[in-house]
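Take a look at the letters that make up each chain.
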Amino acid sequence: MKQESLTYHQSKSAIELEHDIVEKAKKNARDFAPLYKKYHTPILQFVYLRLDDKDVAIDVTQQVFLKAIENLQKYEFRGLPFSSWLYRIAINELNQLFRKNKKMRTINLNESITSDLIHEMEDEEFALHKETLAIILKKISATDFQLIEMRFFEKRPFSEIGELLDITENNAKVKAYRVIQKLKELFKAEAV
Amino acid sequence: MKDAKLNNNREPLSDEEVKKAKDFGDVLSRLESPKGNFFQKNWPYMASVLVLGIIGVFMFRGSDKKGTVNSEKKTFELITPINGLNIPNTEHKVLAGREGQIVTKTGTIIKYPKNAFLDTAGNPITGEIEILFREFHDVIEIFASGIPMEYDSASNKYHFESAGMFEIKGMQNGMPLTINPDAPLVVELSSKQHGDYFNLYKLDENGKWSYIEKDTAKGVYDQQFDSIGLTRLPQQIKTLEKNAEQTLKEQKKAAKSFNKLLKENKIYQPLKANNELYSIQLESDKNEFPELVPFKNVLFEITEENVDFTPELAKKDWDEIKLKRKRNGDYMLIMFDNLQKHTFIVRPVLSVSDVVGANKIFENLLSSYDDKLGGKLFSERTVRDSLKKVYKSISDSVNILNNFASRQAYEMSEIEKSTARIKRIFTIDSFGIFNSDCPQKLPKGALFEPVFVNRKDNSDTLSFNHIYMAELNINALFSLYGYWGKSKRQKNNEEAGNADYITQEISFNPYHKTVIWGITLDNRLAVVKPNKMSVLKKGGNLDVEMFVSNIKINDLDKLRKLLGFS
């Protein structure tokens, strides 16, 4: 399956069109269908990246859209794509799930992600001990890992990360830098 | 993440799996029968929430300063944080049954259509009613009113940055009214906040904000200028001035042409003498100057070109004074004696008293002159005179418009000083409290755990249930609920130090001018002013000195000054 990339920074007219659909859907839930169709796949991918169980991922995704429709009256148009609100609901749903069962949280690595992270840590030594990465990723906090996941697993720009985590873009960059430094130290400690 | 599972190079979901998972019908069915699924999955969680909720009510009742629900009246009653300080209502008496509008001091307009008001039974009413209205535009007014500024959106807590709020009520003979849903009111709320990122909300009977719709603001200047075409005015004036200039050019050309015709044909048109120029009385030769013959008391005015002329020259006794005509029709005065000769350009003029009669004579003569010239004289004069009229008319219009524009600009600047440039438009079908706001998260950047103490006496620790925070550059009031104050041990034991002070983290943006304040549990207003906030950015557990006011705060300006807003 091809990774469907959803352009975060949509055109003003696209965002306004979404807003019109949202307003209609507030009166009739069935009018939400175009937004479901547009965002189902990226939300499912977002959720599944963090889980191991396909059925659970599908169910959580459905719950995200259910929550969105149930709370649609509270949604305010802030000039941003509707997707940012959906992702936040997804983050909340996943956090609730992981609070009940921490073991459901999954780290899904591949060659590309591993290489990118190693490269970011700027130490040739690390490239020789790629398997250590998996060990140290388990040692950082869920919050720190979430940032790494959005940046290196999903390749999101910092502006988008800021919006999803409700921090400024600058803050996202600073935090990401600090997490990388932490990973470097953990890497060195592990290598020894 | 230590409990997290690890996968390496896991297969992604196939297109088939994604397609199969996409089922909007399933979402709708979950929506339509939520209770079955929800309670089945979540009953233990819900039961525990219910128990905790009940405990919470018994523990914390009385510490919630957000207001109370009056279940009988189905209203949310506000609690003002400072006794005796509030924003008063303005009462407007209007006639129900008829359409009309109210304009407040800030320029807010409340428009009501015909039959807009009903009694509580839903019957239309007529006669005099009172509309009670009050507005809240800045943080101080919002704070004083006790209106809650927190907003809950899909379990995310926000605080409102406000573009303006108002409360509106309708009464008749002391009885509350309602608004006819088929004849809603339109409130154009004056706002000093620019920006199109605000939304409209209403405070419900539970003290919660309900989203209405996105704000549609309009600029006051544009609205007022547009209504009388004032935005087009400068361009109109410019066009007219250009027309006037052109007309004047043509008029001058026509006048020149007419005068030339007169000169060439030696026709004299009477001119009034210029009081600032010297004129001489001379007897002219009737044969040489027949055009002057019909006119009595003709004077010869020394024109402006004669820079060498002095009045003494005219008073002198000259051997001879001659009047001549140049080829171009100009008149020349030559004065000479043995020693000197002076030549001056002159023009025949008449005094004020003689010129009126002379003009009548000229008009009578003009027809015969015109006949001799085949009608040319009259037609040239008509062109000259009609252009003169047109020029005058355009000039008058330009003057009128310029005066009008200046007056409007002055009035607009007076309005701007007291009111706002923006109007936020609400269509309301019920009375209540309405808001144009944008949800904001709490400011971040620095985090500290305060022990609040009196600046004048550090042993006087201060206790609060509610801390307010505002950034001076935005119109947002952040409310922090909890408890900061003496622990039970500290209350009972004088020796217990500040280590027994119960506190909670407060975050703020150290790069924004921030003020923090609260009403202590023993009813004193305590403030950390903006210039004292910078020390708090080091974070951690800190003694925070507050300025404590013992004076009674009974007006908003006093409060603004105390909190550093003015």
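If you're wondering where the values come from, they're calculated on a predicted model, not measured in any experiment.

Here's the deal with the overall build of chain B
Stage number 1. Per the secondary structure count, chain B includes eleven helices and 32 strands.
Stage number 2. Evaluated residue by residue, chain B yields a buried proportion of 42% over its 566 residues.
Stage number 3. Restricting the contact set of chain B to residue pairs at least 6 apart, pairs at least 24 apart contribute 69%.
Stage number 4. For chain B, the exposed area adds up to about 32,200 Å²; of that, 51% sits on carbon and sulfur atoms.

Description of the overall build of chain A
Stage number 1. Each helix and strand in chain A was counted, giving ten helices and one strand.
Stage number 2. The contacts in chain A between residues at least 6 apart in sequence include a share of 69% that link residues at least 24 apart.

Focus on the packing of helix α8 (residues 142-153) of chain A against helix α9 (residues 158-165) of chain A
Residue and element names in this part refer to chain A.
Stage number 1. Running from amino to carboxyl end, α8 crosses α9 at an angle of 140°, the nearest separation of the two axes being 10 Å. If you check the angle between α8 and α9, you find them oblique. Our pair here, α8 against α9, has a crossing hand that is right-handed. Where α8 abuts α9, its residues Q146, L147, M150 and R151 lie against F158, I161, L164 and L165.
Stage number 2. Tallied by class, the residues present in the contact of α8 with α9 amount to six nonpolar, one polar and one charged.

Some details on the pattern of salt bridges
Stage number 1. Applying the stated criterion across every chain yields a total of 37 salt bridges over all chains.
Stage number 2. Of the charged contacts, one joins D330(B) and K263(B) as a salt bridge, the two residues approaching to 2.5 Å between their closest N and O atoms. With D330(B) in the loop between β19 (320-325) and β20 (331-336) and K263(B) in helix α6 (residues 233-264), this residue pair connects regions lying 67 residues apart in the sequence.
Stage number 3. A salt bridge links K322(B) to E320(B); the shortest N-O distance between them is 3.7 Å.
Stage number 4. You can call E320(B) partly exposed: its relative accessible area is 35%.
Stage number 5. Taken together, the shared-partner salt bridges connect R50(A), R105(A), E149(A), E154(A), R156(A) and E160(A) into one network.

What about helix α8 (residues 352-372) of chain B?
Residue and element names in this part refer to chain B.
Stage number 1. Taking 1.5 Å as the rise per residue, α8 with 21 residues should run 30 Å; its terminal C-alpha atoms sit 30 Å apart, in good agreement.
Stage number 2. If you look at α8, its biggest bend is around 30°, right at L365.
Stage number 3. Directly after α8, the chain includes G374, whose backbone phi takes a positive value near 65°.

As for the interface of chain A and chain B
Stage number 1. Contact with chain A, which involves 55 residues of that partner, is made by 42 residues of chain B.
Stage number 2. Here chain A meets chain B over a buried area of about 4,400 Å², counting both sides, of which 55% is carbon and sulfur.
Stage number 3. On inspection of chain A and its partner chain B, the count reaches four salt bridges.
Stage number 4. A salt bridge links D52(A) to R10(B), with the shortest nitrogen-to-oxygen separation between them at 3.7 Å.
Stage number 5. The interface formed by chain A and chain B holds 22 residue pairs in polar contact (both at pLDDT 80 or more) in total.
Stage number 6. The element best represented in the side of chain A that touches chain B is helix α3 (residues 54-70) of chain A, accounting for nine residues.
Stage number 7. Looking at the side of chain A that touches chain B, its residues break down into 23 nonpolar, twelve polar and 20 charged.

Considerations on the side chain of R30(B)
Stage number 1. Inspection of the secondary structure puts R30(B) in helix α2 (residues 24-32).
Stage number 2. Relative accessible area serves as the criterion here: at 12%, R30(B) is assigned to the buried category.
Stage number 3. A distance of 2.8 Å separates the side chain of R30(B) from the side chain of D59(A), its partner in a polar contact.
Stage number 4. Only 2.9 Å separates the side chain of R30(B) from the side chain of Q63(A), close enough to count as a polar contact.

Topic: unusual backbone geometry
Residues and elements named next belong to chain B.
Stage number 1. In this model, N9 sits at a positive phi of 55°, which is unusual for a non-glycine residue.
Stage number 2. Its location among the elements puts N9 in the loop between β1 (5-8) and α1 (15-21).
Stage number 3. With a relative accessible area of 45%, N9 lands in the partly exposed category.
Stage number 4. Despite not being glycine, N173 shows a phi value in the positive range, around 50°.

Some thoughts on the packing of α3(A) against α2(B)
Stage number 1. Where α3(A) meets α2(B), the closest approach of the two axes is 9 Å, and the angle between their N-to-C directions is 60°. Viewed along their axes, α3(A) and α2(B) adopt a mutual orientation that is oblique. In this structure, the crossing between α3(A) and α2(B) has a hand that is right-handed. In contact with D59(A), Q62(A), Q63(A), F65(A), L66(A), I69(A) and E70(A) of α3(A), α2(B) contributes F24(B), D26(B), V27(B), R30(B) and L31(B).
Stage number 2. Looking at side-chain class alone, the contact of α3(A) with α2(B) contains six nonpolar, two polar and four charged residues.

Considering the packing of aromatic side chains
Stage number 1. Taken as a whole and assessed by the stated rule, the structure comprises 29 aromatic pairs over all chains.
Stage number 2. With centroids separated by 4.6 Å and ring planes inclined at 45°, the aromatic side chains of F160(B) and Y201(B) adopt a geometry described as tilted. Highlighted residues: F160(B) in strand β10 (residues 156-172) and Y201(B) in strand β14 (residues 199-203), separated in sequence by 41 residues. For the pair F160(B) and Y201(B), a shared accessibility class is recorded, and that class is buried.
Stage number 3. Between F452(B) and F464(B), the ring centres sit 5.4 Å apart and the planes meet at 80°, which makes this aromatic pair edge-to-face. Taken as a pair, F452(B) in strand β24 (residues 446-454) and F464(B) in strand β26 (residues 464-471) lie far apart in primary sequence, twelve residues in all.
Stage number 4. Cluster of aromatic residues (ring-pair linked, three or more members): F32(A), Y36(A), F65(A), Y75(A), F82(A), W85(A) and F24(B).
Stage number 5. The cationic tip of R50(A) hangs over the ring face of F46(A); the distance from NZ or CZ to the ring centre is 3.7 Å.

Focus: the pairing of β14(B)
All names here are of chain B.
Stage number 1. In terms of residue burial, β14 counts as a mostly covered element, since four of its five residues are buried.
Stage number 2. In the sheet, β14 pairs with strand β15 (residues 209-214) via five bridges, with the strands oriented antiparallel. Counted as the bridge partner of N199 is K214 from β15.
Stage number 3. Between β14 and β15, which follow one another and run antiparallel, lie five residues, and G207 among them has a positive phi close to 75°.
Stage number 4. Here β14 runs beside strand β23 (residues 432-440); their pairing, made up of four bridges, is antiparallel. Paired with N199 across the strands is D437, a residue of β23.

Digging into the sheet that holds strand β21 (residues 341-349) of chain B
All names here are of chain B.
Stage number 1. The antiparallel open sheet is built from five strands, whose spatial order is β17-β18-β21-β20-β19. Among the strands making up the open sheet, the edge pair consists of β17 (279-281) and β19. Adjacent strand axes in the sheet meet at a mean angle of 35° when their direction is disregarded.
Stage number 2. Bridge analysis of β17 against strand β18 (residues 299-302) gives three bridges, and the strand direction is antiparallel.

Quick look at the confidence of the model for chain A
Stage number 1. Mean pLDDT for chain A: 83, with 89% of residues reaching 70 or above.
Stage number 2. Taken as a whole, residues 1-8 of chain A scores under 50 in pLDDT and shows 20 contacts with residues more than four places along the chain or in a different chain.

Rules behind the numbers
- Residues numbered from 1 in each chain as written.
- Chains lettered and ligands numbered in written order.
- Predicted model: local features only at pLDDT ≥ 70, side-chain atom pairs only at ≥ 80, totals over all residues.
- Heavy atoms only, no water.
- Helix = DSSP H or I, 4+ residues; strand = E, 2+ residues; numbered from the N terminus.
- Buried < 20%, exposed > 50% of the residue type's maximum accessible area, 1.4 Å probe, protein only.
- Contact = heavy atoms within 4.5 Å.
- Areas by Shrake-Rupley, 256 points an atom, 1.4 Å probe, with all protein chains shown as cover.
- Axes fitted to C-alpha atoms, helices over the stretch in contact; angles between N-to-C directions.
- Parallel < 35°, antiparallel > 145°, perpendicular 65-115°, else oblique.
- Left-handed = near helix turned anticlockwise from the far one by under 90°.
- Nonpolar A, V, L, I, M, F, W, Y, C, P; charged D, E, K, R; others polar.
- Salt bridge = Lys/Arg side-chain N within 4 Å of Asp/Glu carboxyl O.
- Expected span 1.5 Å × (residues − 1).
- Bend = angle between axes of the 7 residues up to and from the residue.
- Buried area = accessible area lost by both parts, 1.4 Å probe.
- Polar contact = N/O pair within 3.5 Å; in protein donor to acceptor, adjacent residues only side chain to side chain.
- Phe/Tyr/Trp six-rings, centres within 6.5 Å; stacked < 30°, edge-to-face > 60°.
- Lys NZ or Arg CZ within 6 Å of the ring centre and 35° of its normal.
- Pairing = 2+ DSSP bridges.
- pLDDT = per-residue confidence, 0-100.

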